[in-house]
Amino acid sequence: MFDKLFVLSQYVTPQLAISRLAGRLADNDQSPALKNRVIKWFIGRYGVDMSEAAESDPEAYPSFNAFFTRALKPGIRPVAEGDKTLISPVDGAISQLGQVTGDRVFQAKGQSFSLSELLGGDEQTTAPFAGGEFSTIYLSPKDYHRIHMPMTGTLREMIHIPGKLFSVNPVTAENVPNLFARNERVACIFDTEAGPMAMVLVGAMIVGSVETRWAGVVVPSSKEVTATRYEGDQALTFAKGEEMGRFRLGSTVILAMPKGAVSWNSDQVAGKTVRLGEAFGTLS
């Protein structure tokens with residue numbers, strides 16, 4: 001009953017207003033005492049392991065968002081070697097992974113979402129991924145929230161798709177149809193040696209914003225889908241394991257690749273906890 005009430009409440013909650021307000025409060029650096037109390041409560045409530053953080057003192061962070069997007073100690077997440085090894089781009093838990101069925105991506109029991117809608121509705125962008133491979137990784141509040149490259153790639157396009165801001169936890173994924181293609185998201189399309197790769201950063205309830213290395217904080221400029229191409233001198237290449245973005249409060253990353261481009265490792269299954277840098281798949 002509680003789960004049903006939780007899901008239903010999200011339909012009537014002013015998602016955008018609450019999330020934007022949370023983002024502004026998380027960036028506030030004018031109330032150190034309050035900020036310190038909130039951070040310490042958060043660490044205790046969610047079991048954050050501060051021994052892994054480059055800065056282990058909670059009071060040293062100027063704002064909650066600075067704490068939430070904290071760096072890790074150098075070398076604590078070694079990157080699996082091998083030219084054919086695709087790594088996990090984040091710390092999190094695998095929601096689902098497998099093969100795209102036509103234009104549908106499996107979300108949870110009884111639920112799926114449209115790949116075309118997920119990537120903004122452009123047929124040319126979506127076509128290479130039809131029938132391809134996908135993985136969905138959920139970042140919980142306690143996780144490290146920077147996002148890294150699963151393999152070396154050159155940025156071709158960034159697409160911002162406005163939308164709702166439902167929670168993306170397992171309960172919501174099982175009960176809200178088309179969830180990941182409904183929420184606000186940023187789809188990043190890279191060219192790689194294995195073909196095109198889409199990395200989709202999905203927003204969620206209370207997520208202040210999404211930030212990328214090349215565009216900074218991605219702020220909606222309109223209620224329409226907006227795409228920015230990166231060509232010529234603007235082309236940016238990121239190495240495997242290099243940071244490409246971060247969630248300013250957490251959410252979900254979805255990877256998509258063409259059919260046969262990658263085989264997910266047999267030990268990577270739904271529900272498994274993963275860590276940034278570990279071997280996640282083998283490129284064909």
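Computed from a prediction, not measured in an experiment: that's the story for all the values here.

Moving on: the overall build of the protein chain. Within the protein chain one finds seven helices and 18 strands. Within the protein chain, buried positions represent 52% of all 284 residues. Within the protein chain, counting contacts between residues at least 6 apart in sequence, those at least 24 apart form 78% of the total.

The subject of this paragraph is the sheet that holds strand β16 (residues 262-264). Pairing is antiparallel in the open sheet, where three strands are placed in the order β1-β18-β16. Both edges of this open sheet fall to β1 (85-87) and β16, since each of them pairs with a single strand only. The average undirected angle you get between the axes of adjacent strands in this sheet is 35°. Pairing of β16 with strand β18 (residues 279-283), which is carried by three bridges, proceeds in the antiparallel orientation.

So, about the nonpolar core. Within the largest apolar cluster, 33 residues are counted, with the highest numbers of intra-cluster contacts made by Leu86, Phe190, Met199 and Trp214. Of all elements in the fold, only β2 (92-99), β7 (153-161), β8 (185-192), β9 (195-202), β14 (243-248), β15 (252-257), β16 and β18 reach the threshold of two or more residues within this core. Among residues more than four places away in sequence, those in contact with Leu86 are Pro150, Met151, Leu255, Met257, Val262, Trp264, Glu278, Ala279, Phe280, Gly281 and Leu283.

Another point: helix α3 (residues 32-46). The terminal C-alpha atoms of α3 lie 21 Å apart, and with 15 residues this matches the ideal 21 Å at 1.5 Å per residue to within 8%. Residues of α3 that are buried include every one of Lys35, Asn36, Ile39, Phe42 and Ile43, and no others. Seen from one end, α3 has its buried residues packed into an arc of 130°, which puts them on one side. For α3, the exposed residues lying more than 90 degrees away from the buried face are Arg37, Trp41, Gly44 and Arg45. The secondary structure elements touched by the buried residues of α3 are α4 (64-68). Positioned one or two residues after α3, Gly47 has a phi angle of 70°, which is positive.

Our focus in this paragraph is the pairing of β7. With seven of its nine residues buried, β7 lies for the most part within the structure. Pairing analysis gives three bridges linking β7 to strand β13 (residues 236-238), with the strands arranged antiparallel. Bridged to Gly153 within β13 is Phe238. Relative to β8, β7 runs antiparallel, the two being bridged by seven bridges. Bridge pairing links Met158 to Cys188 in β8. Judged from the four bridges that link them, β7 and strand β12 (residues 226-229) form a sheet pairing that is antiparallel. Each bridged residue has a counterpart across the sheet, and for Met158 the counterpart in β12 is Thr228.

Inspection of every chain in the model, using the stated rule, returns 10 salt bridges. Glu52 is paired through a salt bridge with Arg77; the nearest N and O atoms lie 2.9 Å apart. Taken as a pair, Glu52 in the loop between α3 and α4 and Arg77 in the loop between α4 and β1 lie far apart in primary sequence, 25 residues in all. We classify Glu52 as partly exposed; its relative accessible area is 23%. For Arg77, a relative accessible area of 13% translates into the label buried.

Okay, the packing of aromatic side chains next. A full pass over the atoms with the stated rule returns 13 aromatic pairs. On the basis of an interplanar angle of 85° and a centroid distance of 6.3 Å, the ring pair of Phe190 and Trp214 is categorised as edge-to-face. Placement of the pair is Phe190 in strand β8 and Trp214 in the loop between β10 (209-212) and β11 (216-218), with a sequence separation of 24 residues. Here Phe190 and Trp214 have matching classes, each one buried. An aromatic cluster is present here, built from Trp41, Phe42, Tyr46, Tyr61, Phe64, Phe67 and Phe68 joined pairwise through their rings. Sitting over the face of the ring of Phe67, Arg70 holds its NZ or CZ atom 4.8 Å from the ring centroid.

Okay, the confidence of the model for the protein chain next. Any residue range with low pLDDT should be treated as having predicted coordinates unsuitable for detailed reading. Looking at the protein chain, the pLDDT average stands at 86 and 80% of residues meet or exceed 70. The lowest-confidence element of the protein chain is helix α2 (residues 15-27), averaging 50 in pLDDT; the highest-confidence one is β1, averaging 98.

Here the focus is the side chain of Gln268. With respect to the helices and strands, Gln268 occurs in the loop between β16 and β17 (273-274). Judged by relative accessible area, which is 3%, Gln268 ranks as buried.

Each value, and the rule that gives it
Residues numbered from 1 in each chain as written. Predicted model: local features only at pLDDT ≥ 70, side-chain atom pairs only at ≥ 80, totals over all residues. Heavy atoms only, no water. Helix = DSSP H or I, 4+ residues; strand = E, 2+ residues; numbered from the N terminus. Buried < 20%, exposed > 50% of the residue type's maximum accessible area, 1.4 Å probe, protein only. Contact = heavy atoms within 4.5 Å. Pairing = 2+ DSSP bridges. Axes fitted to C-alpha atoms, helices over the stretch in contact; angles between N-to-C directions. Core = buried A, V, L, I, M, F, W, Y, C linked by side-chain atoms within 4.5 Å. Expected span 1.5 Å × (residues − 1). Arc of directions from axis to C-beta. Salt bridge = Lys/Arg side-chain N within 4 Å of Asp/Glu carboxyl O. Phe/Tyr/Trp six-rings, centres within 6.5 Å; stacked < 30°, edge-to-face > 60°. Lys NZ or Arg CZ within 6 Å of the ring centre and 35° of its normal. pLDDT = per-residue confidence, 0-100.

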